[in-house]
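Working through the structure, step by step
Listed here are the chains, written in short residue letters.
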Amino acid sequence: MLLSAAAPGARDRVACPGGMKKIEGGVFWVGTDYDMDEAPRHQWAVKSFCMDETEVTVAAYQACVQEGKCEATHKQGGCTAHAKQDLSKHPVNCVDWNQADAACKAWGKRLPGEHEWEFAACGGPERRRFSWGADDPEGRSCYNKPSTCPVGSYAAGAFGLHDMSGNLWEWTGSWFGSYPDEPETGSLKVYRGGSYSRRYPRWMRTGLRNRFKPGEFGAHLGFRCAADLAGIGCPEGTVANGSACDIPGVKKPAPRGPGWTPPGTASAVVDTAPPVVSRDPRFDADCEKYKPGRPVCYSVKGGQFAERQKIGGGRGCVNRDVGIGYNSICCPQ
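As the structure is a prediction and not an experimental result, all values here were calculated from the model.

Right, let's talk about the side chain of Asn 210 for a bit. Take Asn 210: it is sitting in strand β7 (residues 210-212). Owing to a relative accessible area of 16%, Asn 210 belongs among the buried residues under this scheme. If we ignore the near neighbours within four places in the chain, the residues touching Asn 210 are Trp 169, Lys 189, Val 190 and Tyr 191.

Spelled out as structure tokens, the structure:
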């Protein structure tokens, strides 16, 4: 598991600093057997560590910038650090992975590994669907909103952490790759957690994976930091294997490969046929309400995600929703 290097002396920490919660390590189930990004389902052991109670705020990040230890955030529409109004208590966004990594290091911390992040979000062995439990996000998360919310606006979820589901997606220290391993290298970094702008509960699931190139950024994406504790070994019942922990008697499943199909299905998840576009008037009203100027809904099914994106963009459309093998798009008349 490749994580950002901690600042000198950080591994001597015997207790979590203020503003962080201790995440008691253990073994938990990760992934599913029906989603190509989340398969195969497997067990993973996580050592105890510390995690920021909230996402990094605009105030905290701007202070780091003023001290000369952090770079100014990128600037585009919706960036909280560049808003005209006071958003100092909101999570900072528009930071790329390199900026988030550097900020955590400047504070003697690091970005959490992907499995660490999920363990903290889902309550470890509890395997919560959302950080607070199984109930839908409405009223429990900064979700389906026009903008970010002040951190901690909603009740804490697993391990006393706020906004692990919603407000902003969060960078992790891990490269994106096929489960069950965390690759040592790659081209895309994992981010997790869902954002304020998502309108469907499934985007708040603690197991959902997403990724960006390290230099990419957006108004939907921020971060929180993790920290090591001195003298912490592997969870009970597991054994050390370098920096990782193995579970005796449990064989890791093989990563999914080309042509992988979910159990019980006959066709591959990766569709080689070109996408098919069809009118879907069921969601015209939804498009008209949430995507002004694009009141006509189409469904784009099959093919690769990039192909479906190209079709929508070429028509001047935007995504209403996306899923495995389909895009629901809102288009001009």
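From this point, things continue past the structure.
In this section: the pattern of salt bridges. Going through the model one piece at a time under the given rule, you end up with 21 salt bridges. Across the pair Arg 199 and Asp 286 runs a salt bridge, and its minimum N-O distance is 2.9 Å. Linking Arg 199 in the loop between β6 (189-192) and β7 with Asp 286 in helix α4 (residues 284-290), this pair joins segments that are 87 residues apart in sequence. Accessibility expressed as a relative area gives 14% for Arg 199, which makes it buried. Residue Asp 286 pairs with Arg 320 through a salt bridge whose shortest N-O separation is 3.4 Å. A residue pair is termed long-range when its members are at least 10 positions apart, and Asp 286 in helix α4 and Arg 320 in strand β14 (residues 318-323) qualify at 34 residues. Note on Asp 286: relative accessible area 19%, which makes it buried. Look at the salt bridges and you will find they share partners, linking Glu 114, Glu 118, Arg 127, Arg 192 and Arg 209 into a network.

So, on to the pairing of β6. Taking every second residue as pointing to the same face, both faces of β6 are buried, with Lys 189 and Tyr 191 on one and Val 190 and Arg 192 on the other. By the bridge criterion, three bridges tie strand β5 (residues 169-175) to β6 in an arrangement that is antiparallel. Bridge pairing in β6 links Glu 170 to Arg 192. Bridge count between β6 and β7: three bridges; the pairing is antiparallel. Paired with Lys 189 across the strands is Phe 212, a residue of β7.

The residue after Ala 39, namely Pro 40, is reached through a cis peptide bond having omega 0°. Position of Pro 40 relative to the elements: it lies in the loop between β2 (26-30) and β3 (42-46). The omega torsion across Tyr 179 and Pro 180 is 15°, close enough to zero to call that bond cis. On the secondary structure map, Pro 180 appears in the loop between β5 and β6. For Phe 159, which is not glycine, the phi dihedral falls at a positive 60°. With respect to the secondary-structure elements, Phe 159 resides in the loop between α3 (114-122) and β5. The exposure class of Phe 159 is partly exposed, given its relative accessible area of 28%. Look at Asn 167: it is not a glycine, yet its phi comes out positive at around 70°.

Here is what the cut-offs are and how they apply
Within any chain, residue numbers begin from 1 and follow the written order of that chain's sequence. It should be noted that, the model being predicted, local features are given only for residues of pLDDT at least 70 and side-chain atom pairs only at 80 or more, the latter also being counted only at that level, while totals for whole chains, interfaces and linings use all residues. Heavy atoms throughout the structure, all of them, feed into the side-chain values; hydrogens and water do not. Runs of H or I in DSSP of at least four residues are treated as helices and runs of E of at least two as strands, each being numbered from the N terminus. Three exposure classes are used, based on accessible area relative to the maximum for each residue type with a 1.4 Å probe and protein chains only: buried under 20%, partly exposed in between, and exposed over 50%. Should any heavy atoms of two residues lie within 4.5 Å, those residues are considered in contact. What counts as a salt bridge is simple: a side-chain nitrogen of Lys or Arg found within 4 Å of a carboxyl oxygen of Asp or Glu. If DSSP finds at least two bridges between two strands, the strands pair.

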